[in-house]
Amino acid sequence: MHSSLWLIAPSDEHAFNRSLKDLISSTLPSDFPHAPKNNFVPHVTITSDVDPAKTYGSSPQEWLDSLALPDFKRETDEVTIELEQLEAGEAFFKKVTIRARKDGNLVKLAAACRRQALAVSEGEAQKWAEHEYLPHLSLFYGDVPKDDVQKKLGLIELQLGFELGSLFDCCGGTLAMGAKLVLVDTSKPINEWKPMAVRECPWVMWRMAKGLV
């Protein structure tokens, strides 16, 4: 593993971010008490496999700032991350996730980042974004059988509703406005996954589908 580009919530103190952190650090680990606890920053991966030797080297912030991103605009042409469905997965890093809708602008952002971060052609990056990219927000990492996780999804849905339901109700499904695009060295142990570089993205909207809460 190399490094990754993530979208994270606009601030540590935002109610949406605090709720996600509670779910990741406390609530879901209590559902699986025999699994080692893995605490991590709530995020949606935009692209992974970023090789530092071929990209940012010793200047991660300069490299992140240099990325040519599409000209998105808040309230008129946003990137929407709409959290749609709670899922249990086989993979360690996708044991419990909330799948996000493949919004057209999210696909456009992922393709632009992939093209520059991996030095691939525009066509290859677009094909990956349209057919392979699966945006999601992870809530739990662990070596737990998928069947055991599946049995807990009803409980987790209730816990998700408890944490995010009031925010959903007050804002018509919008959980937060704005995000940060961050570069993270994901070759390190999970508890050391911290942003090395940060870029503000005021044109990101976080939403939740009605059926999720």
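Residue numbering note: each chain is counted from 1, following its sequence as written. Thresholds applied to this predicted model are a pLDDT of at least 70 for local features of residues and 80 or more for the giving and counting of side-chain atom pairs; totals over whole chains, interfaces and linings are not thresholded and use all residues. Calculation of side-chain values draws on the structure's entire complement of heavy atoms; hydrogens and water are dropped beforehand.

Going by an unreviewed UniProt entry, the chain carries the name 2',3'-cyclic-nucleotide 3'-phosphodiesterase and comes from Exophiala spinifera.

(A) Representation of the overall build of the chain within the structure. Going along the chain from the N terminus, every DSSP run of H or I of four or more residues is numbered as a helix, and every run of E of two or more is numbered as a strand. Regarding its fold elements, the chain presents five helices and seven strands. Listed by position from the N terminus, the elements making up the chain come as β-α-β-α-β-β-α-α-β-α-β-β. Whereas a compact globule of 213 residues would reach a radius of gyration of roughly 17 Å, the chain reaches 17 Å, a difference of no more than 12%. In terms of overall dimensions, the chain has a C-alpha envelope of 45 × 40 × 35 Å along the principal axes. Any residue under 20% of the maximum accessible area for its type is buried, any over 50% is exposed, and the rest in between are partly exposed; the area is computed with a 1.4 Å probe on protein chains only. For the chain, the residues scored as buried account for 51% of the 213 residues in total. Here the globule rule reads 2.2 Å times residues to the power 0.38, and the radius of gyration is calculated from C-alpha atoms.

(B) Seen up close, the pairing of strand β7 (residues 195-208). Two strands pair under a simple rule: DSSP has to find at least two bridges between them. The pairing of strand β3 (residues 79-88) with β7 spans five bridges and is classified as parallel. Bridging across to β7, L83 finds its partner in M208. With nine bridges connecting them, strand β6 (residues 174-185) and β7 associate as antiparallel partners. From the neighbouring strand, T174 faces β7, where its bridge partner is R207.

(C) Broad picture of the nonpolar core. Remark: nonpolar core denotes a set of buried residues (Ala, Val, Leu, Ile, Met, Phe, Trp, Tyr, Cys) joined through side-chain atoms within 4.5 Å. Counting 68 residues, the largest nonpolar core has L7, F16, I46, L83, L139 and W206 as the members making the most contacts within it. A contact between two residues is defined here by any heavy atoms of the two lying within 4.5 Å. With residues near it in sequence (within four places) discarded, F16 still touches A9, L83, L164, L167, L175, A176 and W206.

(D) Molecular detail of the packing of aromatic side chains. Between rings of Phe, Tyr and Trp, where Trp is taken as its six-membered ring, a pair exists when centres lie within 6.5 Å; planes separated by under 30 degrees are stacked, by over 60 edge-to-face, and by other angles tilted. Tallied over the full model, the rule gives 12 aromatic pairs. Seen from their ring centres, F40 and Y141 are 3.8 Å apart, and the 10 degrees between their planes marks the pair as stacked. Linking F40 in the loop between α1 (15-31) and β2 (44-50) with Y141 in the loop between β5 (136-140) and α5 (146-170), this pair joins segments that are 101 residues apart in sequence. As far as burial versus exposure is concerned, F40 and Y141 are alike and both buried. Ring geometry for W128 and Y133: centres 5.2 Å apart, planes at 35 degrees, overall tilted. Of the two residues, W128 and Y133, both sit in the buried class.

(E) Quick peek at the packing of α1 against α5. Contact pair α1 / α5: the axes reach a minimum separation of 10 Å and the direction vectors enclose 155 degrees. Between α1 and α5, the crossing angle belongs to the class labelled roughly antiparallel. Once α1 is placed against α5, the crossing between them reads as right-handed. Seen from α1, the contacting residues are A15, F16, S19, D22, L23, T27, L28 and D31; seen from α5, they are K152, L155, I156, Q159, L160, E163, L164 and L167. When residue character is reported, Ala, Val, Leu, Ile, Met, Phe, Trp, Tyr, Cys and Pro are called nonpolar, Asp, Glu, Lys and Arg charged, and the others, Gly included, polar. Looking at side-chain class alone, the contact of α1 with α5 contains nine nonpolar, three polar and four charged residues. Here, axes are lines fitted to C-alpha atoms. For helices the fit covers the stretch in contact, and angles between N-to-C directions go from 0 to 180 degrees. Orientation categories follow fixed angle ranges, with anything under 35 degrees roughly parallel, anything over 145 roughly antiparallel, 65 to 115 roughly perpendicular, and all other angles oblique. Crossing handedness is defined as follows: a turn of the near helix away from the far one that is anticlockwise and smaller than a right angle gives a left-handed crossing, while the clockwise case is right-handed.

(F) How the structure looks around the layout of surface pockets. Within this model, the largest pocket holds a volume of roughly 530 Å³. Every definition here rests on a 1 Å grid over the protein atoms only: cavities are sets of points where a 1.4 Å probe fits but cannot get out, pockets are open sets enclosed by protein on both sides within 12 Å along at least five of seven lines, and lining residues have some atom within 4 Å of a point. Looking at the largest pocket, it is lined by 25 residues, and the ones nearest its centre are T45, S48, F93, K94 and H136. If you tally residues by element for the lining of the largest pocket, the top one is β2, at five residues. Residue composition of the lining of the largest pocket, grouped by class: 11 nonpolar, 10 polar and four charged. Taken as a whole, the second largest pocket spans an internal volume of roughly 320 Å³. Grid points are joined across faces, edges and corners, and a volume is the space filled by probe spheres set on the points.

(G) A look at the packing of helix α3 (residues 104-118) against helix α4 (residues 122-131). Interhelical geometry of α3 versus α4 gives an angle of 135 degrees and a closest axis separation of 8 Å. Between α3 and α4, the angle falls in the class oblique. As α3 packs across α4, the resulting crossing turns out to be right-handed. Between α3 and α4, the contacting residues are V107, A110, A111, R114 and R115 on the first element and E122, A125, Q126, W128, A129 and E130 on the second.

(H) Here's a closer look at α1. For α1, with 17 residues, the first-to-last C-alpha span of 22 Å sits near the 24 Å given by 1.5 Å per residue. At L23, α1 is deflected by roughly 45 degrees, the largest bend along its length. Regarding α1, the residues found buried are F16, N17, S19, L20, L23, I24, S25, T27, L28, P29 and D31. Structurally, α1 contributes buried residues whose contacts are with β3, β4 (96-100), β5, α5, β6 and β7. Under the convention used throughout, the expected extent of a helix is 1.5 Å for every residue step, that is, one less than its residue count. Bend at a given residue is defined as the angle between two axes, one fitted to the seven residues that end at that position and one fitted to the seven that begin there.

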